[in-house]
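Each chain, written out:
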Amino acid sequence: MMKKMLLTTALTALVVTGCQSAQTLNEPVIPAELTKAVEAFTQEDVSFQAAFADLNNDGINDGIVLLEGTNWCGSGGCTLLVFEGLDNGSYKLASKSTVASAPVYVLEATSHGWSDLSVYTSGKGQVILKWGGSNYPSNPSLQPTLIIDSKQATPAISRNIPN
């Protein structure tokens, strides 16, 4: 009886540990090269959230970065950076937008060969960002609103960032 109880306890601990590990696997692993690119832009060791998607259809994941902290966030939102993933594993800054917040979505539609994005911006709600040929719009609050069915769409970056 005691052996059965110990075995049940051990299996329960293993299952709980396995579930916690599975949740960790859902978090994106941030490549050192992306962290290096973010720090080169910010000139500081800064906290950020990141998601990855092939935005320009070149077969290489690009980095979508939402910066955190008082230097990068204000009452309207935070700075959103998009880094183009390069074939050597490094990242090049492709776009910078201010007043952006989660949720951030990668949309199926494209503009000039890059996926459209959607971000939340204070006072306006969810807006669409279309690639303009050389970058995404710098001020999302000036962009058209977008209604997203949150039950059918999964955000690339979903949690709100504390200011």
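Residues numbered from 1 in each chain as written. Predicted model: local features only at pLDDT ≥ 70, side-chain atom pairs only at ≥ 80, totals over all residues. Heavy atoms only, no water.

Caption draft 1: View of the nonpolar core. By size, the foremost hydrophobic cluster in this structure holds 21 residues, and its most contacted members are Leu55, Leu66, Leu80 and Tyr136. Where this core is concerned, the elements lending two or more residues are strand E1 (48-53), strand E2 (62-67), strand E4 (77-85), strand E5 (91-111), strand E6 (114-121) and strand E7 (125-129). It is E5 that contributes the most residues to this core, 4 residues altogether. For Leu80, the residues in contact, after removing those within four places along its chain, are Ile64, Val65, Leu66, Ser95, Lys96, Ser97, Ala100, Val104, Val119 and Leu129. (Core = buried A, V, L, I, M, F, W, Y, C linked by side-chain atoms within 4.5 Å. Buried < 20%, exposed > 50% of the residue type's maximum accessible area, 1.4 Å probe, protein only. Helix = DSSP H or I, 4+ residues; strand = E, 2+ residues; numbered from the N terminus. Contact = heavy atoms within 4.5 Å.)

Caption draft 2: Structural detail: the side chain of Asp116. Assignment of secondary structure puts Asp116 in strand E6. Within the local environment of Asp116, its side chain forms a polar contact with the side chain of Ser111, the two groups lying 2.8 Å apart. Within the structure, the side chain of Asp116 is placed 3.5 Å from the side chain of Lys130, a separation counted as a polar contact. In this structure Asp116 touches Tyr105, Val106, Leu107, Ala109, Thr110, Ser111, Ile128, Leu129, Lys130 and Trp131, once residues within four positions along its chain are discounted. (Polar contact = N/O pair within 3.5 Å; in protein donor to acceptor, adjacent residues only side chain to side chain.)

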